[in-house]
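Structural characterization, general
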Amino acid sequence: MSAVIAQPTGEGTVSCDVSGAVATITLRRPDRLNALSGQMRAAFGRALDEVEAADGVRVVLIRGEGRAFCAGGDLDSFPSTAFGWRARLRIAQDHHARMVRCGLIFVAAVQGAAAGGGASLALASDILVMAEGAKIVFPFVRLGLVPDGGASVLLTAKLGPALAADLLLSGGTLTAAEAKQAGLTRRVVPDADLATAAEALAADLAAMPDGALALTKNLMRGAWADRMQASFDHEVDAMALAAGLPGHAAALAAATKPRR
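Below you will find a few notes about this structure. The structure displayed is predicted, hence computed values, not measured ones.

Let's shift gears to the overall build of the protein chain. For the protein chain, the count of helices and strands is 10 helices and 10 strands. Relative to the compact-globule value of 18 Å for 260 residues, the protein chain shows a C-alpha radius of gyration of 17 Å, a close match. In terms of overall dimensions, the protein chain has C-alpha extents of about 55 × 40 × 35 Å along its principal axes. The burial tally for the protein chain puts 50% of its 260 residues in the buried class. Contacts in the protein chain between residues far apart in sequence, at least 24 positions, make up 71% of those at least 6 positions apart. A total accessible area of about 11700 Å² is found for the protein chain, and carbon and sulfur atoms account for 57% of it. Taking the average place of the 25 positive charges on the side chains of the protein chain and the average place of its 25 negative ones, the gap between the two points comes to 5 Å.

Shown next, in the form of structure tokens:
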């Protein structure tokens, strides 16, 4: 079964393909490095609905078309009000919380950049497969904002508070080699082999005994996922405040200024 969840527009599409026990969700906006517009976010939510309802699906592979996994939120569609920011964040938080809490296993295949909200999306997955040239970028503070999509709680849970603080406070970047060394992934492959490696992993996971994957995931997330909702609540309040400060306006103007 194959479905396009958002019709082709200037804002891109999200597709969902189901083959046996494996579903593949693909972000299809390569000309904008798969930056997530409001329309694509809504489409991603519908893709999650589809894979959760699909009979027999146990593994979901998330990938981005083109040279990047996901450049995060579309700067051109940033909200202009505090309530707009709160609504936008709640959508991303809901998607990532569903990925963490449901019994499906999520694999993210990361090439190029996973930045901002794209980094949060990758972190919400259970297993990362990274191309050698891939990087995970946390630019939030450089835009005068706070980490969103649950990035702070997800990164702290998976890497520990010291490394998470360094990356988030400095607006830092984690290369594939650094991600492997830090323990965020053990699967770094040549760029040309990413799709094959990620698909092979998804197929291998789907062949595991039924129920064991979901129960094991549930055991592991119990150590940290109970803190997630409180962090999400703090996140929307902090973002609404930060987005109204002069620093964000200046940083956004600089980031979107036309380049010669």
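Turning to helix α4 (residues 151-159), its buried residues are Ala151, Val153, Leu154, Leu155 and Leu159. Where the residues of α4 are buried, they touch α2 (82-101), α3 (117-124), α5 (161-170), β9 (173-175), α6 (176-182) and α9 (228-242).

This part covers the nonpolar core. By size, the foremost hydrophobic cluster in this structure holds 72 residues, and its most contacted members are Ile25, Val59, Val60, Ile62, Phe69, Val110 and Phe138. For Ile25, the residues in contact, after removing those within four places along its chain, are Val14, Ser15, Cys16, Phe44, Ala47, Leu48, Val51, Val60, Leu61, Ile62 and Arg63. In this structure, Phe78, Trp85, Met239 and Leu252 belong to the second largest nonpolar core, which totals 9 residues.

Let us look at the pattern of salt bridges. For the structure shown, the criterion picks out 7 salt bridges. As a salt-bridge pair, Arg28 and Glu65 come within 2.4 Å of each other at their nearest N and O atoms. In this pair, Arg28 is assigned in strand β3 (residues 22-28) and Glu65 in the loop between β4 (59-64) and α2, connecting sequence segments 37 residues apart. Of the charged contacts in the structure, one is a salt bridge between Lys217 and Asp126, with a shortest N-O distance of 3.1 Å. With Lys217 in helix α8 (residues 212-221) and Asp126 in the loop between α3 and β7 (127-131), this residue pair connects regions lying 91 residues apart in the sequence. Ionic contacts of the salt-bridge type, sharing partners, join the residues Asp49, Glu52, Asp94 and Arg98 into one network.

What follows is about the packing of helix α1 (residues 38-53) against α2. Between α1 and α2, whose axes approach to 10 Å, the crossing angle comes to 25 degrees. Taken together, the axis directions place α1 and α2 in an arrangement best described as roughly parallel. Crossing angle aside, the handedness with which α1 passes α2 is left-handed. Residues Arg41, Phe44, Gly45, Leu48, Asp49 and Glu52 of α1 pack against Ile91, Ala92, His95, His96, Arg98 and Met99 of α2. Considered class by class, the residues forming the contact of α1 with α2 number 5 nonpolar, 3 polar and 4 charged.

We now examine the sheet that holds strand β8 (residues 135-137). The 3 strands lie next to each other as β6-β8-β9, forming an open sheet whose pairing is mixed. Strands at the two margins of the open sheet, each flanked by one partner only, are β6 (113-115) and β9. Averaged over all adjacent pairs, the angle separating strand axes in this sheet is 15 degrees, with direction ignored. In this fold α3 packs onto β6 and β8, with an angle of close to 100 degrees to the strand it touches most, β6.

What follows deals with unusual backbone geometry. One non-glycine residue, Leu33, adopts positive backbone phi at about 55 degrees. Looking at where Leu33 falls in the secondary structure, it is placed in the loop between β3 and α1. A positive phi angle, near 60 degrees, is found at Asn34, a position not held by glycine. Of note, Asn34 is situated in the loop between β3 and α1.

A few words on the pairing of strand β2 (residues 13-19). Within β2, 5 of the 7 residues are buried, leaving the element largely enclosed by the surrounding structure. Sheet analysis places β2 next to β3, joined by 7 bridges and oriented antiparallel. Of the residues in β3, the one forming a bridge with Val18 is Ala23.

Moving on: the side chain of Arg41. In this structure, Arg41 sits in helix α1. Buried and unpaired, Arg41 has no salt bridge, with Asp148 as the nearest side chain of opposite charge at 6.5 Å. In this structure the side chain of Arg41 is engaged in a polar contact, spanning 3.2 Å, whose partner is the side chain of His96.

Two numbers describe how α4 lies on α9: the axes approach to 8 Å, and their chain directions differ by 140 degrees. One finds that α4 runs oblique with respect to α9. Judged by residue contacts, Ala151, Ser152 and Val153 of α4 engage Met228, Ser231, Phe232 and Glu235 from α9. Of the residues in the contact of α4 with α9, the class split is 4 nonpolar, 2 polar and 1 charged.

The rules behind the values
- Residues numbered from 1 in each chain as written.
- Predicted model: local features only at pLDDT ≥ 70, side-chain atom pairs only at ≥ 80, totals over all residues.
- Heavy atoms only, no water.
- Helix = DSSP H or I, 4+ residues; strand = E, 2+ residues; numbered from the N terminus.
- Rg over C-alpha atoms; globule rule 2.2 N^0.38 Å.
- Buried < 20%, exposed > 50% of the residue type's maximum accessible area, 1.4 Å probe, protein only.
- Contact = heavy atoms within 4.5 Å.
- Areas by Shrake-Rupley, 256 points an atom, 1.4 Å probe, with all protein chains shown as cover.
- Lys, Arg positive; Asp, Glu negative; His and termini not counted.
- Charge placed at Lys NZ, Arg CZ, Asp CG, Glu CD.
- Core = buried A, V, L, I, M, F, W, Y, C linked by side-chain atoms within 4.5 Å.
- Salt bridge = Lys/Arg side-chain N within 4 Å of Asp/Glu carboxyl O.
- Axes fitted to C-alpha atoms, helices over the stretch in contact; angles between N-to-C directions.
- Parallel < 35°, antiparallel > 145°, perpendicular 65-115°, else oblique.
- Left-handed = near helix turned anticlockwise from the far one by under 90°.
- Nonpolar A, V, L, I, M, F, W, Y, C, P; charged D, E, K, R; others polar.
- Pairing = 2+ DSSP bridges.
- Polar contact = N/O pair within 3.5 Å; in protein donor to acceptor, adjacent residues only side chain to side chain.

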